[in-house]
Structure formats: structure tokens, C-alpha cells
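The residues making up each chain are set out below.
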Amino acid sequence: MADVKLAAETRTEFGKGAARRIRREAKVPAVVYGHGADPVHITLPGHELQLALRTPNVLLTLDIDGKSELAIPKAVQRDAIKGFLVHVDLLTVTRGEKVNVEVYVHTEGELAPGAYLLEHVLSTLNVEAEATHIPESVTVSIAGLEAGAAILAKDIPLPEGTTLVTDEDAVVLQVLAAQAEEASADEAETTEA
């Protein structure tokens, strides 16, 4: 789990025009909320935040007016065309607090020999973990699986201190037999000639 420190500035201007001015300065408007406190509107350095958000479920240590706050990203809005950060919602957390997050499911190993396809029914799992020990991802072995095999959420090993929130009987991965395409009538005539 990555822990990134960012310097945050409180902001008093709101609205579309103010947000555009903030983004022109290579910064990102954000809001920090949680624990029943009033939301705090802040500005974060754009490049450093972009790098931090490459790590799933990153833990951010924000320096807001000399006060340190722990937060995790709750919602990240990006520009649909260019991909730059438009706005970020951050949830304050405390050490030892349990939070619900999504973690990516990665696979390792090879399917059994043959024409099989692996279908990712769920690419993420909802889990509950301590805010300072959120796993970046979980890994499951698919070695030797054949058509008809399925891996359920309860079959995926989770790191210590992490509990499954997703329905334990939900199918995460399944192996399918590859379907051969039937030759069209035109292709069949050309092969006969």
C-alpha cells in the first residue's frame, strides 16, 4: 500500500470559472469529507496527484493548513477526451479504521491445453480492510483450469485482515470452450473448387 504526502491549499472560490482557473495553474480542485465533519474544499498539485492515483487505493497524507489528514480517493473525475483530472473526492480515514474499497483481481498461470477462453465476470472485488493496509490487488491461480470451471469470490485468497464484502457465491472468473466459426456458404464453395 502506497502512502503519498501532498500539500493541499484550502479554497474559497467555487464554481466552474474558479475550477478552470485552478486547473490552468496545473492544480486539481478536490473536496475532503468524512467522519461527520463539514466538507473541506481544497486544491491539490495536479502532477503529484496524477502520479499518486496510478496506485489503486492509495493512502494520501494531506497537509491542510499545517494539519495532517489521512484520506483515500472516493471518486475521481477525468476529462473524457484528454484524461486530465477534473475533480477528486477524498474520504478522510483514521489509522485502524475499516473501509470498504474495490480491489482488482489478477490471474496467474495458464489454462489447461486446448481451446479455452477465460472470462472475467468481475474485474474487482469489494472488500473491507484497515485504511492503512488496503491491498492493491488480489491474485488467483487459473493453472490447469478447463471449460466449465468457475472461480467464486469465496475461492479467492485475501490478505490477512481483509474481509470479503462481495457476495461470496458471485462468479469472478469462468473458463469457456472456444466456439469454432462455421464456414459461410461462399467460403465452402471456394474450398470445394
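The residue numbers shown here count from 1 along each chain, following its written sequence. With pLDDT at 70 or above as the cut-off, local features in this predicted model cover only qualifying residues; side-chain atom pairs require 80 or more to be listed or tallied, and sums for whole chains, interfaces and linings still use all residues. The side-chain figures draw on all heavy atoms in the structure; neither hydrogens nor water molecules are used.

Asker: Is there a simple way to explain the pairing of strand β9 (residues 124-130) in this structure?
Answerer: On any regular strand, side chains alternate: one points to one face of the sheet, the next to the other face. Note: strand β7 (residues 98-108) against β9, 7 bridges, orientation antiparallel. In the sheet register, N100 faces β9, and the bridge partner there is E128. In this analysis, strands are considered paired if DSSP registers two or more bridges between them. Only runs of H or I of at least four residues qualify as helices and only runs of E of at least two qualify as strands under DSSP, and these elements are numbered from the N terminus.

Asker: I tried to follow the pairing of strand β6 (residues 85-93) on my own but got confused; where do I start?
Answerer: Buried, partly exposed and exposed residues are distinguished by accessible area as a fraction of the type maximum, computed with a 1.4 Å probe on protein chains only: under 20%, between the cut-offs, and over 50%, respectively. With respect to burial, β6 is a largely interior element, 8 of its 9 residues being buried. Note: strand β2 (residues 27-34) against β6, 4 bridges, orientation parallel. The residue of β6 that forms the bridge with Y33 is L91. In the sheet, strand β5 (residues 67-78) pairs with β6 via 8 bridges, with the strands oriented antiparallel. Bridging across to β6, L70 finds its partner in V93. Linking β5 back to β6 in an antiparallel pair, the connection comprises 6 residues, with G83 at a positive phi of about 85 degrees.

Asker: What exactly am I supposed to notice about helix α1 (residues 16-24) here?
Answerer: The periodicity of an α-helix, 3.6 residues per turn, causes residues three or four positions apart to be oriented the same way. Of all the residues in α1, the buried ones are A18, A19 and I22. Seen end-on, α1 carries its buried residues on one side only, within an arc spanning 100 degrees. Turned more than 90 degrees off the buried face of α1, the exposed positions are K16 and R24. Looking at the buried residues of α1, the elements they touch are β2 and β3 (37-45). Once α1 finishes, A26 follows within two positions and takes phi at roughly 65 degrees, a positive value. What the arc covers is the set of directions going from the helix axis to the C-beta atoms. Should any heavy atoms of two residues lie within 4.5 Å, those residues are counted as being in contact.

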